[in-house]
Amino acid sequence: MLDNAVKFICDKIGDFKPQIGIVLGSGLGELADEYNTISIPYSEIPGFEISTVSGHKGQLVFGEINGKQVVMMQGRFHFYEGHSIQKVVFPIKVMKKLGIKTIIITNAAGGVNPNFRPSDLMVITDHINFMGTNPLIGLNDDSMGERFPDMSEVYNPELIELVQKVGDSCGIDLQEGIYMALTGPSYETPAEVHMAKVIGADAVGMSTVPEAIVASWAGIKVIGISCICNSAAGVSTVGLSHNDVIKAANTAKNRFKTLIKEVIKKLK
Ligand code: HPA
């Protein structure tokens, strides 16, 4: 299935050779509209699912950003949509086969750290997998990565520093912290958010971790960026809604796009 998907895509993109992959989270997909040279709807790609979340378009977009060839996922697959965890990470394996060396994984998240404000951007320094599963369960594909991969540095330290430097030079304030993934689709209860805080999380969300595990396993350098869209349940007294999440992502999107473009410029 993986080979079929890769062949299908290669036939469409010809000699385009992406070096960088980007997963665009809820409300952050606009970057792909700006640099859309070739797009392929997920529904056409063998082995891809259809993404069902509003605010997610559901296509693979190829374009050149600041001189680098990039493949962007405009929308991703979530575990809570009912896809198997293997389907959630399938596109990451495809991008690996397409030749990417670095991936920027983005998401919308709830702020657990009380210093975070809606529309803040957070550079992910580490994660807590609280999804109750792992995308590497099952037969190991030794050609991609080892059976028991080290997860000490999923988020590449040099790249974390690079993102921080780019933020400084562009006047974009960046938070830094630990992202904890739960399955969703219900938002957390205040008690769950309290637990997240106690065990060291700064933000909670429903994605990214499966993709980051697989990318790291496959030897891809990972950058993770969360858009803090709301204070997580109980951190503030305001109720949560997906619309508010999309609104906050909208407020952040110009800063987000500038950051990503400048980071790409600096990537080797
Ligand atoms: N929790 C989990 N996922 C989220 C949140 C949240 O508060 N906000 C945006 N995505």
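Everything below is about the structure printed above this text.
Residues numbered from 1 in each chain as written. Predicted model: local features only at pLDDT ≥ 70, side-chain atom pairs only at ≥ 80, totals over all residues. Heavy atoms only, no water.

### Observations concerning the overall build of the protein
Then step 1. For the protein, the count of helices and strands is 7 helices and 9 strands.
Then step 2. Since a compact globule built from 268 residues should have a radius of gyration of about 18 Å, the 17 Å found for the protein is in line with a globular shape.
Then step 3. Expressed along its principal axes, the backbone C-alpha trace of the protein runs to roughly 50 × 40 × 35 Å.
Then step 4. The 268 residues of the protein split such that 57% are buried.
Then step 5. When contacts within the protein are restricted to residue pairs at least 6 apart in sequence, those whose partners lie at least 24 apart make up 82%. (Helix = DSSP H or I, 4+ residues; strand = E, 2+ residues; numbered from the N terminus. Rg over C-alpha atoms; globule rule 2.2 N^0.38 Å. Buried < 20%, exposed > 50% of the residue type's maximum accessible area, 1.4 Å probe, protein only. Contact = heavy atoms within 4.5 Å.)

### A few points about the side chain of asparagine 230
Then step 1. Examined against the element boundaries, asparagine 230 turns out to sit in strand S9 (residues 221-231).
Then step 2. Residue classification places asparagine 230 among the buried residues on the basis of a relative accessible area of 11%.
Then step 3. Leaving out residues up to four positions away in the same chain, asparagine 230 has contacts with Ala109, Gly110, Gly111, Pro118, Leu240 and Val245.

### What to know about the site of the ligand
Then step 1. Lining the immediate environment of the ligand, one finds Ala108, Ala109, Gly110, Tyr187, Glu188, Val204, Gly205, Met206, Asn230, Leu240 and Val245.
Then step 2. Contact between the ligand and alanine 108: a nitrogen atom at 3.3 Å from a main-chain N or O atom of the residue.
Then step 3. A distance of 2.8 Å separates a nitrogen atom of the ligand from a polar side-chain atom of glutamate 188.
Then step 4. Considered on its own, the ligand offers 260 Å² of accessible surface; in the complex 96% of this is hidden by protein.
Then step 5. Elements supplying a minimum of two residues to the shell around the ligand: strand S5 (102-111) and strand S8 (203-205).
Then step 6. A per-element tally of the shell around the ligand places S5 first, with 3 residues.
Then step 7. Per-class residue counts for the shell around the ligand are 7 nonpolar, 3 polar and 1 charged. (Near = heavy atom within 4 Å. Polar contact = N/O pair within 3.5 Å; in protein donor to acceptor, adjacent residues only side chain to side chain. Areas by Shrake-Rupley, 256 points an atom, 1.4 Å probe, with all protein chains shown as cover. Nonpolar A, V, L, I, M, F, W, Y, C, P; charged D, E, K, R; others polar.)

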